[in-house]
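The lines below spell out each chain.
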Amino acid sequence: MQRCSYSKSVAPYGQPSSRRTTVTMCAGEENWVDNRTIYVGHREPPSGTEAYIPQRYPDNRIVSSKYTFWNFVPKNLFEQFRRIANFYFLIIFLVQLIIDTPTSPVTSGLPLFFVITVTAIKQGYEDWLRHKADNAMNQCPVHFIQHGKLVRKQSRKLRVGDIVMVKEDETFPCDLIFLSSSRGDGTCFVTTASLDGESSHKTYYAVQDTKAFHNEQDIDALNATIECEQPQPDLYKFAGRINVYHDRNEPIARPLGSENLLLRGATLKNTERIFGVAIYTGMETKMALNYQSKSQKRSAVEKSMNVFLIVYLCILISKAVINTTLKYVWQSDPFRDEPWYNQKTESERKRNLILRAFTDFLAFMVLFNYIIPVSMYVTVEMQKFLGSYFLTWDQEMFDEDTGEGPLVNTSDLNEELGQVEYVFTDKTGTLTENNMEFIECCIEGHVYIPHVICNGQILHDCTGIDMIDSSPGGSGKEREELFFRALCLCHTVQVKEDDNIDGLKKAQLSGRSCVYISSSPDEVALVEGIQRLGYTYLRLKDNFMEILNPKNDIERFELLEMLSFDSVRRRMSVIVRSVAGEIFLFCKGADSSIFPRVTEGKIDQIRSRVERNAVEGLRTLCVAYKKFTRKEYDSVCKLLQNAKLALHDREKKLAEAYEQIEKDLILLGATAVEDQLQEKAADTIEALQKAGIKVWVLTGDKMETAAATCYACKLFRRNTQLLELTTKKIEEQSLHDVLFDLSKTVLKHSGSLTRDNFSGLSTDMQDYGLIIDGAALSLIMKPREDGSSGNYRERFLEICRNCSAVLCCRMAPLQKAQIVKLIKLSKEHPITLAIGDGANDVSMILEAHVGIGITGKEGRQAARNSDYAIPKFKHLKKMLLVHGHFYYVRISELVQYFFYKNVCFIFPQFLYQFFCGFSQQPLYDTAYLTLYNISFTSLPILLYSLMEQHVSTEMLKREPSLYRDIAKNALLRWRVFIYWTFLGLFDAVVFFFGAYFLFDNTTVTSNGQCSAWILGA
């Protein structure tokens, strides 16, 4: 128990408070900044403390809507007129209202009104749905404690400091510190599927000093304050502490971490009820802070549209300037004044020449403004929205195992699926099934394989395949038991309670069959594998972990500390005490994380077995331990307690503490778990490479395991020469030398590779594959002493361009995003696609031009943050090669046709001015000018752009190389754009002069009158 001197100040009753000053408090705290203090139940602490500065906190309302009733019209109009085409037509409409123009303001105003109205209705409806969802959430009933009684009120009325009761299967109304539970051990089970997509049950722990309070009266009598950090969006990080007052004694300080924080949106499971105190409410909850919208992604087609619009705007201005100039040249001859049907008044003739010329220029702008397709944006949005349904309706992309099909989170990037040049894919759960199966374990050099068949019988214990001796000796047997106990104790697995009958009876009577659940499939596979080797993990009860050994004896270990797994350390540890009083630290983790910390054990034999398993594509973990004396444990406990009580830099202090504790270990052995390759993963990668798409694998796994998977899925081939840019290579040579040697090697054959567009499919060419690890990437990305890192980056990119495939291993989530960004911003500016299934893939999914999530076993966070979601990696083939191809071809022809048809429509108007004395007379009736873009020409091309299939689906799947024909925005290049424009000009000339000559020498004279004889005169 940590006691500390405590002095603080009191705010007026019921007022939460905040402190931003440095105060010396308990050990482990220094330089606190920006933290808040909450009074539990709004109760004042004992008198004699200093005053806190009160701070107002938001109520518990969630607002995800964009507009209100009052600001919808101005805010929506402002957003719509930020689009250049809409703003342009607004200006034209205002010009038509202000000056005397040849066409009615209706011709510009009505199409603009149509576009603005349709878009406003769509956005207003979407926001109404958000309002509806917000109201349903804000008005749901919540139970909280007031004066020792349960009171019911709406969720939006909750305040920071309120004590809330939540029942089983209810969601938490705000972020709560877990005070007590109906379970005797002070734990509760929670699912966070709506937050991070993980459907497994997670265990949370009540504050040690409050977990015994089981009724409203006890909780209401609690006198405590909570000090914690200000709100921040990371779901997995929280630092705080609670100070519990007993009478007038000094407060007892307890650390608070993420295991004590129940997040809004999570659901209580397998627990009758819990009590918690609200610390973050409303838009300050972690769920709300994660609402932040993703950065807007724009497709290459949309960028081309904007450039083409600017070109046509220049053409429009040129036409207006030419006609204005020619008008005054024409009128410079006194015999060529305004035509008799369009004569100016005397006052108009006396106006300033420059003012008259400017007015005429604006009139010509209005007359020719229909060359800008006002309805193109609306038609394109409708085409994308309606076209996205073809993807979601595709039965071939429906997965019967999960009962799910593809999802479209945004339809703005449909055509981008047809332009992908780089695919960055995760390995585990994306290329592989993430369905772990325990294969073997190696203890002291002996290999144990569960359920090996010998003489027709399954050996339920184990069998040894000797690598050193025939059998383990006395110390070997002891190490073997320690290894099995380590795997039974060092994990975060829970036993599903529904399958327990009267405590342990089910586990004992049904052949030791326990149902295990965990957020990590690896842990479940290990616990189940060790169960088949004779050691069964039973449960965690009252902080004691119970296991059943092969003799059917129950062993109990007290769980003293858990050093949680994180992606930086790549290991986890537990400190336990046996019934005999021995204190053990059991540690498991990646080989690169464990081997540097061991001082004893059969290191070489186990290392060789780990490397062999990695080459075969198995996922390996190493297991080690150490024993503590009572004195050593006390110092470890003090070290951890000080780090846990820190509010500032708690994670850094914990990492330093873990580093000191997890050293001088004794190596016990290693495990091997198999993750099967996904169905048709190899076929999909092969098809993508034939389509000219370069595939990179970004994974956190070790190099050997990842390389074996890459060979299995045909990313690397037999003739692929692997080039390594790893820490090991850099230790032997400098980074500069390694990069120079690699570039010299690949550039020898760069000519042959470019001929095949780097697809790496030609068997008669030298094929290169690059392997780089996270540490080497950090050195490449790190600025040099002279302040630049560009040289290393360019050399690295040059090597990558000449490799058919790249494997990046030992990657942290942020490094995955860095790789994607590096390629995305390279001088070629290729279109990138990132695909993954876990929360660690979200950063690269958001960074890539197109992000695809797989609805896999690592939760739905990747799927929720992606632009598209698919059930399996194999569906990427049809998504790109078929749907992406069709989307791009259709939208390209839609855009080109819009510009073409407007040239056809307006250029005759331009030619007509030469025949009417540049008098600004319209060639078309007002109705035609108004409806031409809205309906006459928009609907046919819209239907065409939804249904057109220039090549059959089977042909696209059979011939992936057809994807190359549309690569690099091929259908919207300048050459194609100019072709469509000149085609429009040619057709316009044919239309105009065809009609002109058709009516020449006919019964209709040039003044519009008919000859007399036709009337029978």
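Residues numbered from 1 in each chain as written. Predicted model: local features only at pLDDT ≥ 70, side-chain atom pairs only at ≥ 80, totals over all residues. Heavy atoms only, no water.

1. A look at helix α3 (residues 106–138)
Inclusion rule: Strands here are runs of E lasting at least two residues and helices are runs of H or I lasting at least four, both read from the DSSP assignment and numbered beginning at the N terminus. Under the convention used throughout, the expected extent of a helix is 1.5 Å for every residue step, that is, one less than its residue count. Buried, partly exposed and exposed residues are distinguished by accessible area as a fraction of the type maximum, computed with a 1.4 Å probe on protein chains only: under 20%, between the cut-offs, and over 50%, respectively. Contact definition: two residues touch when any of their heavy atoms are within 4.5 Å.
Here α3 spans 45 Å end to end across 33 residues, near enough to the 48 Å set by a 1.5 Å rise per residue. Buried within α3 we find Thr 107, Ser 108, Gly 109, Pro 111, Leu 112, Val 115, Ile 116, Thr 119, Ala 120, Asp 127, Asp 134 and Asn 138. Contacts made by the buried residues of α3 are with α1 (72–80), α2 (84–98), β5 (149–154), α10 (376–392) and α29 (926–936).

2. As for the nonpolar core
Heads up, the condition is: The nonpolar core is taken to be a set of buried Ala, Val, Leu, Ile, Met, Phe, Trp, Tyr and Cys residues, with the residues joined through side-chain atoms within 4.5 Å.
In this structure, Ile 372, Met 376, Val 895 and Phe 899 are the most contacted members of the largest nonpolar core, which totals 53 residues. Taken together, the elements giving at least two residues each to this core come down to α2, α3, α7 (300–331), α9 (353–368), α10, α28 (875–912), α29 and α32 (974–999). When residues in this core are grouped by element, the largest group, 13 residues, is from α28. Sequence-distant contacts of Val 895, that is, excluding residues within four places in its chain, are made with Val 301, Met 305, Met 376, Val 380 and Leu 972.

3. Looking at the pairing of strand β29 (residues 583–589)
The side chains of a regular strand alternate, first on one face of the sheet and then on the other. Put simply, the rule is: Only when DSSP finds a minimum of two bridges between them are two strands counted as paired.
Counting buried residues along β29, 7 of its 7 residues qualify, which places the element largely inside the surrounding structure. The two faces of β29 match: Ile 583, Leu 585, Cys 587 and Gly 589 on one face and Phe 584, Phe 586 and Lys 588 on the other face are all buried. Bridge analysis of strand β28 (residues 571–578) against β29 gives 7 bridges, and the strand direction is antiparallel. Paired with Val 576 across the bridge in β29 is Phe 584. Where β28 hands over to β29, the hairpin turn is made up of 4 residues, of which Gly 581 adopts a positive phi near 95°.

4. Observations concerning the packing of aromatic side chains
Let me state the cut-off plainly: Only Phe, Tyr and Trp rings are paired, with Trp represented by its six-membered ring, and only when their centres lie within 6.5 Å; those with planes under 30 degrees apart are stacked, over 60 edge-to-face, the remainder tilted. In this scheme, Lys NZ or Arg CZ marks a charge over a ring once it lies within 6 Å of the ring centre and within 35 degrees of the ring normal.
Under the criterion given, the structure shown has 41 aromatic pairs. Arranged with centres 6.4 Å apart and planes meeting at 45°, the rings of Phe 584 and Tyr 625 form a pair that is tilted. Taken together, the residues span a long stretch of sequence, with Phe 584 in strand β29 and Tyr 625 in strand β31 (residues 619–628) at a distance of 41 residues. For the residue pair Phe 584 and Tyr 625, the accessibility class agrees, reading buried in each case. Connected via pairs of aromatic rings, a cluster forms that spans Phe 364, Phe 368, Phe 907, Phe 910, Phe 914 and Phe 918. When the ring centre of Phe 544 is taken as origin, the NZ or CZ atom of Arg 556, which lies over that ring, is 4.5 Å away. Sitting over the face of the ring of Phe 595, Arg 607 holds its NZ or CZ atom 4.5 Å from the ring centroid.

5. Digging into the packing of α7 against α9
The condition is simple: Angles run from 0 to 180 degrees between N-to-C directions of axes, and those axes are lines fitted to C-alpha atoms, restricted for helices to the stretch in contact. For classification purposes, an angle smaller than 35 degrees is called roughly parallel, one larger than 145 roughly antiparallel, one from 65 to 115 roughly perpendicular, and anything else oblique. Throughout, a crossing is termed right-handed when the near helix is turned clockwise from the far one, and left-handed when it is turned anticlockwise from it by less than a right angle. Residues are sorted three ways: Asp, Glu, Lys and Arg are charged, Ala, Val, Leu, Ile, Met, Phe, Trp, Tyr, Cys and Pro are nonpolar, and all the rest, Gly among them, are polar.
For the pair α7 and α9, the least separation of the axes is 9 Å and the interaxial angle reads 135°. On the basis of their axis angle, the class for α7 and α9 is oblique. Once α7 is placed against α9, the crossing between them reads as right-handed. Residues Leu 316, Ile 317, Lys 319, Ala 320, Val 321, Asn 323, Thr 324, Lys 327 and Tyr 328 of α7 form the contact with α9, whose own contacting residues are Leu 353, Arg 356, Ala 357, Asp 360, Phe 361, Phe 364, Met 365 and Phe 368. Classifying every residue of the contact of α7 with α9 by side-chain character gives 11 nonpolar, 2 polar and 4 charged.

6. Considerations on the confidence of the model for the protein
Put simply, the rule is: Note on scores: pLDDT gives the predictor's confidence for each residue, bounded by 0 and 100.
Scored by pLDDT, the protein has a mean of 79; 82% of the residues are at 70 or more. Low pLDDT (under 50) marks residues 1–33, which in the prediction has 104 contacts with non-local residues, meaning those over four places away or in another chain.

7. Side note on the pairing of strand β2 (residues 35–39)
Burial analysis of β2 places 5 of its 5 residues in the buried class, the great majority of the element. Of the two faces of β2, the one lined by Asn 35, Thr 37 and Tyr 39 and the one lined by Arg 36 and Ile 38 are each fully buried. Across 5 bridges, β2 lies against strand β10 (residues 224–229) in antiparallel orientation. Each residue of the ladder has a partner; that of Ile 38, found in β10, is Ile 226.

8. Section: the pattern of salt bridges
How we decide: By definition, a salt bridge exists where a carboxyl oxygen of Asp or Glu is found within 4 Å of a side-chain nitrogen of Lys or Arg.
Tallied over the entire structure, the rule returns 39 salt bridges. Glu 415 serves as the salt-bridge partner of Lys 384, at 3.1 Å between the closest nitrogen and oxygen. One end of the pair, Lys 384, is in helix α10; the other, Glu 415, is in the loop between β16 (407–408) and β17 (422–425), with 31 residues separating them in the sequence. One salt bridge in this structure joins Lys 824 and Glu 847, with 3.0 Å as the shortest N-O distance. Of this pair, Lys 824 sits in helix α25 (residues 813–824) while Glu 847 sits in helix α26 (residues 842–847), placing them 23 residues apart in sequence. Lys 824 gets classed as buried once you look at its relative accessible area, which sits at 17%. Put simply, Asp 394, Glu 396, Lys 878, Glu 954 and Lys 957 are held in one network by salt bridges that share partners.

9. Here's the deal with α25
With 12 residues, α25 ought to run about 16 Å at 1.5 Å a step, and its terminal C-alpha atoms sit 17 Å apart, in line with that. Along α25, the positions that sit buried rather than exposed are Gln 815, Lys 816, Ala 817, Ile 819, Val 820, Leu 822, Ile 823 and Lys 824.

10. Quick notes on the side chain of Ser 866
Selection criterion: Distance and chemistry together define a polar contact, namely a pair of N or O atoms within 3.5 Å, with one atom able to donate a hydrogen and the other to accept it when in protein, and with adjacent residues in sequence counting only for side-chain atoms on both sides.
Here Ser 866 is to be found in the loop between α27 (861–865) and β39 (868–870). A relative accessible area of 0% places Ser 866 in the buried class. Reaching out from Ser 866, the side chain makes a polar contact with the backbone oxygen of Tyr 868 at a distance of 2.7 Å.

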